[in-house]
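Each chain, letter by letter, is given below.
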Amino acid sequence: MTHPTETMATPEDRFLWLEDIYGDKQLEWVRAQNALTEEVLVTPNFEERERRILEVLDSTDRIPMVGKHGGFYYNFWRDAEHRQGIWRRTTWESYSSGATEWELLLDVDALSAAEGTEWVWAGAVFLRPSEGAPHERVLVVLSPDGGDAHRYREFDLGTRDFVEGGFDIPTAKSRISWADRDTLYVGTDFGPGSMTSSSYPRTVRVLQRGGELTEAEQYFDVDENHMMALVLHDSTPGYERDLAVDTIDFYTRRTFLRQDDDWRLIEVPEDASLSLHREWLIVRPRTDWSMTIATHGAGSLLVIPLDAFLAGDRAFVTVFEPDASTSLQSWSWTRDYLLLNLLRDVSSEIRVLDPANDWTSELLDACPPLHSVDAYAVDDEDDESGNDYWLIATGFLTPSTLHRGTIRGDHTPVKSSPSYFDEDLYTVEQHFAMSSDGTRVPYFQIASKDLRLDGGNPTLLSGYGGFEHSMTPAYSGVIGRGWLERTTEDGRRGVYVLANIRGGGEYGPQWHRAALHADRHRAYEDFAAIAGDLVQRGVTSPALLGCTGRSNGGLLVGNMLTTYPHLFGAISCGVPLLDMRRYTKLSAGFSWIAEYGDPDKPEEWEYVRTFSPYHLLREDVVYPKTMIWTATSDDRVGPVQARKMAAKMKDLGVQNVWFHEALEGGHAGAADNRQAARMHAMSFEFLWRALTGSL
């Protein structure tokens, strides 16, 4: 593979002016581009497809996922009647019945109307009550625009209202936890010098009830060029303790335990994941960890009593060790057992480990092939249900089902999602493409059972390939209605393909590390190999093959546009990174240097520039039809990279380039179901019409 390149002497950026996110001139440009795109895409047929997608998102038959706190099960819900959503709770008897009765706690639509701010729900932080008492207080987390900056407000579950004169932390990119009923550990914007270069809190302070933020005493701080500071209080009875985390970058951190009025470093590798659970220290190394007594492999899971470790013992028990096809995705503790969620060639496997029986392992028989199944504890501290677990099973053609089970017992279905399209018409297959360096790369193909392998099928290839994020099977009524159900004039249905390229976590940290920094090109070679394999197998042809990706996936398809334009007929690029010369200076970009490299270092810019789509554009290339979309209020990636890419392509005379920017919605591109439906519908409409020749 060869890359178009530029010299280190970067030409003047003529579109730098578009980086003023809320400037009048800039928003005028955005509105003009939006109008051009909507004029082409928004037709009566489009509006009907958008309506059907919104019907999926607003369906009242969806599974209302819950979290158990004390005797109640809490849920946040959006539908057509509650555009911004309601926070509510119920009992187990009611939840497990056919007709759940909910107690309304907070109506975000009503709150927004009363306060004149379009609040977007971002969660709730519960305060542990005193022993035997019900949960009474939470911090409700709200965003004014769907972005990453949040306001934290104290809420009383008894009165179902905000606490007058209670804790109220102004909107910022904060990280906050309860220390006790009258104390918070607050990481927020305290003014100059209090935020890192990545735009996250650099200091954590102790805020007492009734106190002023400006007068709060500093408790922990990190270097300005590190990513973030965080302090958490573990309130588990008998194991109360404070932990501080210095997040250096996305993959390295130092964790400290508060002892004798000082912070004691827990001495594990900085690139390892670490957690504490009661008496246990749990460590997952990202690279091989060599000690005098043993070497622990990358992606393994290690446990040891914390007190023994702090006393110098390093005799970890290895409770999971990966192999060439199996990786650990997550783990969860019930009262007496440890649940491991694994992937074996991107299909789920769940194991139950018994610490009291030398960590013996048993397979939980709940995982059909080519499905995703996750198990996690319901409430490990509950006297009656401490060993209960939730089980969520889903597949591309299997509507999601929520089960509840008990370890050493059965699991039974509680709730199921409805069917939104005729799944019986389709089949799921897993294939492996050979990348340019000989690596076998898996992908899933969802297609009609009567698929003709003659290259004539409109096909959509989706991927991500970054931050050790795994792309797993999942049911989507949006994809079903938006893509699979659509038919060409000769009756061919859309084919959907999900790639499992390097950079993700499908095969553990090694799969991720294989595409970091100077090796980033491997992720793109993998994706291109899958595109080629689809053509070689006769599923589609380049003119009928589209690709889509968001965020880091937007960078992925941006590189398909600039380096592999001959492989695709259309590209949908969402909330993307594209200008890798300036990404560290835009929004939260500085925090991603560990993933991509530092373009301000000449030796690193030499490889970063090879995957910077904004700099790889050329006048002498025929590019596939392209739609670039983003959101004004996205404060993670930001809208400016998408703006600049579209403007530069149009300036170069590239034909068939469309741009759309939602004026709200954050990094998700949508703050409510209506906006999400519009976003999905526009991407699908563009891709289908571009590939089938009607655009």
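Before reading further, recall that the structure is shown in the block above.
Residues numbered from 1 in each chain as written. Predicted model: local features only at pLDDT ≥ 70, side-chain atom pairs only at ≥ 80, totals over all residues. Heavy atoms only, no water.

Student: Any details on the overall build of the protein? Residues and values, ideally.
Tutor: Per the secondary structure count, the protein includes 14 helices and 39 strands. Taken against the 2.2 N^0.38 rule, which gives 26 Å for 695 residues, the C-alpha radius of gyration of the protein at 25 Å falls within 12% of a compact globule. With respect to the principal axes defined by its C-alpha atoms, the protein has extents near 65 × 60 × 55 Å. Excluding contacts between residues fewer than 6 apart, the proportion of contacts in the protein whose partners are at least 24 apart in sequence is 58%. Each charge class in the protein can be summarised by its mean position, and for the 66 positive and 107 negative side chains these summaries are 4 Å apart. (Helix = DSSP H or I, 4+ residues; strand = E, 2+ residues; numbered from the N terminus. Rg over C-alpha atoms; globule rule 2.2 N^0.38 Å. Contact = heavy atoms within 4.5 Å. Lys, Arg positive; Asp, Glu negative; His and termini not counted. Charge placed at Lys NZ, Arg CZ, Asp CG, Glu CD.)

Student: Mind laying out the packing of aromatic side chains, listing which residues take part and the relevant values?
Tutor: Aromatic ring pairs are described here by two measures, namely the spacing of the ring centres and the angle between the planes. Scanning the entire structure with this criterion turns up 37 aromatic pairs. On the basis of an interplanar angle of 45 degrees and a centroid distance of 5.6 Å, the ring pair of tyrosine 73 and tryptophan 92 is categorised as tilted. Within this pair, whereas tyrosine 73 is found in strand E2 (residues 72-77), its partner tryptophan 92 is found in helix H3 (residues 92-95), the two being separated by 19 residues in sequence. For tryptophan 92, a relative accessible area of 23% translates into the label partly exposed. An angle of 65 degrees between the planes, with centres 4.8 Å apart, marks the rings of tyrosine 507 and tryptophan 511 as edge-to-face. No difference in accessibility class separates tyrosine 507 from tryptophan 511, as the two residues are buried. Among the aromatic side chains, those forming a connected cluster through ring pairs are Tyr74, Phe76, Trp87, Trp121, Phe126, Phe155 and Phe162. One cation-aromatic arrangement involves arginine 153 over phenylalanine 162; the distance from NZ or CZ to the ring centre is 4.1 Å. Over the face of the ring belonging to tryptophan 390 we find arginine 404, whose NZ or CZ atom lies 5.4 Å from the ring centre. (Phe/Tyr/Trp six-rings, centres within 6.5 Å; stacked < 30°, edge-to-face > 60°. Buried < 20%, exposed > 50% of the residue type's maximum accessible area, 1.4 Å probe, protein only. Lys NZ or Arg CZ within 6 Å of the ring centre and 35° of its normal.)

Student: So what's going on with the state of the cysteines? Residues and values would help.
Tutor: A complete count under the given rule lists zero disulfides for this structure. The thiol of cysteine 573 is not disulfide-bonded; the next cysteine sulfur, from cysteine 547, is found 8.6 Å away. The class for cysteine 573 is buried, based on a relative accessible area of 3%. (Disulfide = S-S within 2.5 Å.)

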